[in-house]
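# What the coordinates show
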Amino acid sequence: KYRLCVALRGSREELDARYSDRVALDPTDMSAPAEHALYLTPKWYGDSDCVETLARDYLAATSDILGDAGYAATYLDILDRDHAPLQALDTDLFARGLHELLSLSQAPQATLNYALAQIFACVARRPSCGETEDVHHRLRMLAHALIQGRLEVAMPYRWTMGEGDM
């Protein structure tokens, strides 16, 4: 019903109602807020604050089950698509949520690869009007921490060496 509503260009109210129905069926299906976030961007039915509101509402509804993972899942798919919502992104909460998302994933390496691809696609471009360099810097630092955390197990000596020691 949700995708049909999008395809038929239903109203924002209809889309929100279908989203609520979808989440009620399975609150742990993080693809629901991720997909809904795409349609709450300025290109479709929303504005730059709609995604943050969605992410916070989903976090409040599922934090006892998913921790902060729902917040990260809501934003992850739009990092490389619509950058207006990034103005409201809480990068600290996103980072905590991403770590929880990785711990909940049945395929953590695939999830990590996807997350890194999304982050790199976002930070590879120059900040557009209204975006802050701080968000880009924090996302770059998050990507570095994620990579370090995964590779430190395989190459612990590398992360203790200085740049000139290689």
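One structure accompanies this document, and this report is about it. (Residues numbered from 1 in each chain as written. Predicted model: local features only at pLDDT ≥ 70, side-chain atom pairs only at ≥ 80, totals over all residues. Heavy atoms only, no water.)

### So, the overall build of the protein chain
The criterion, for reference: Secondary structure elements follow DSSP: runs of H or I no shorter than four residues count as helices, runs of E no shorter than two count as strands, and numbering proceeds from the N terminus. Between buried and exposed lies partly exposed: a residue is buried under 20% and exposed over 50% of the maximum accessible area for its type, with that area taken using a 1.4 Å probe on protein chains only. The contact definition used throughout considers only heavy atoms, calling two residues in contact when any of these lie within 4.5 Å. We get accessible surface area from the Shrake-Rupley algorithm with a probe of 1.4 Å; when it comes to residues, only the shown protein chains can shield them.
When its secondary structure is counted, the protein chain shows 9 helices and 0 strands. Ordered by position from N to C terminus, the α and β elements of the protein chain give α-α-α-α-α-α-α-α-α. Buried positions account for 42% of the 166 residues belonging to the protein chain. Contacts in the protein chain between residues at least 24 apart in sequence constitute 57% of all its contacts with a sequence separation of at least 6. For the protein chain, the exposed area adds up to about 9,000 Å²; of that, 55% sits on carbon and sulfur atoms.

### Focus on the side chain of Q118
Basically, it comes down to this: Nitrogen and oxygen atoms within 3.5 Å of one another constitute a polar contact, given that in protein one can donate a hydrogen and the other can accept it, and given that sequence-neighbouring residues count only through two side-chain atoms.
Its place among the elements puts Q118 in helix α7 (residues 108–123). Using a relative accessible area of 6% as the deciding quantity, one classes Q118 as buried. A distance of 3.0 Å separates a polar side-chain atom of Q118 from the backbone oxygen of L76. Non-local contacts of Q118, meaning those with residues more than four positions away in its chain, are made with L76, D77, L79 and D80.

### With respect to helix α2 (residues 12–25)
As a reminder, the rule being used: The length a helix should cover is 1.5 Å for every residue beyond the first. Throughout, the arc means that of the directions going from the helix axis to the C-beta atoms.
If you check α2, its first and last C-alpha atoms are 20 Å apart, about what 14 residues at 1.5 Å a residue would give, namely 20 Å. Listed as buried for α2 are L15, Y19, R22 and V23. The buried residues of α2 all sit within an arc of 95° when viewed along its axis, so they share a single face. Pointing more than 90 degrees away from the buried face of α2 are the exposed residues E13, A24 and L25.

### Observations regarding the pattern of salt bridges
Side chains that differ in charge, positive against negative, can pair when their charged atoms come close. As a reminder, the rule being used: Each reported salt bridge corresponds to a side-chain nitrogen of Lys or Arg within 4 Å of a carboxyl oxygen of Asp or Glu.
Tallied over the full model, the rule gives 8 salt bridges. Note that D21 is salt-bridged to R18, the shortest N-O span being 3.1 Å. With D21 and R18 both in helix α2 and 3 residues apart, the pair spans about one turn of that helix. D21 gets classed as partly exposed once you look at its relative accessible area, which sits at 39%. Between D68 and R96 there is a salt bridge whose closest N-O contact spans 3.2 Å. One end of the pair, D68, is in the loop between α4 (50–66) and α5 (69–76); the other, R96, is in helix α6 (residues 91–104), with 28 residues separating them in the sequence. Given a relative accessible area of 15%, D68 falls into the buried group. For R96, a relative accessible area of 44% puts it in the partly exposed group. Where salt bridges share partners, they join E52, R56 and D90 into one cluster.

### Topic: the nonpolar core
Selection criterion: We define the nonpolar core as a collection of buried residues of types Ala, Val, Leu, Ile, Met, Phe, Trp, Tyr and Cys that are connected through side-chain atoms lying within 4.5 Å of one another.
Counting residues in each nonpolar core, the largest one holds 41 residues, and the members touching the most others are F94, L98, I119 and L139. Elements with a minimum of two residues in this core: α2, α3 (31–39), α4, α5, α6, α7 and α8 (133–151). With 7 residues, α4 is the single largest residue contributor to this core.

### Overview of the packing of α6 against α7
The condition is simple: Fitting a line to C-alpha atoms yields each axis, with helices limited to the stretch in contact; the angle taken between N-to-C directions then spans 0 to 180 degrees. Any angle that is under 35 degrees is reported as roughly parallel, and any over 145 degrees as roughly antiparallel; angles of 65 to 115 degrees are reported as roughly perpendicular and all others as oblique. Residue polarity is assigned by list, with Asp, Glu, Lys and Arg as charged and Ala, Val, Leu, Ile, Met, Phe, Trp, Tyr, Cys and Pro as nonpolar; anything else, Gly included, falls into the polar class.
For the pair α6 and α7, interaxial distance at closest approach is 9 Å and the crossing angle is 150°. Accordingly, the angle class assigned to the pair α6 and α7 is roughly antiparallel. Where α6 abuts α7, its residues F94, L98, L101 and L102 lie against P108, T111, L112, A115 and I119. For the contact of α6 with α7, the class distribution of residues is 8 nonpolar, 1 polar and no charged.

### Overview of α5
Burial runs high along α5: 8 of the 8 residues are buried. Structurally, α5 contributes buried residues whose contacts are with α3, α4, α6 and α7.

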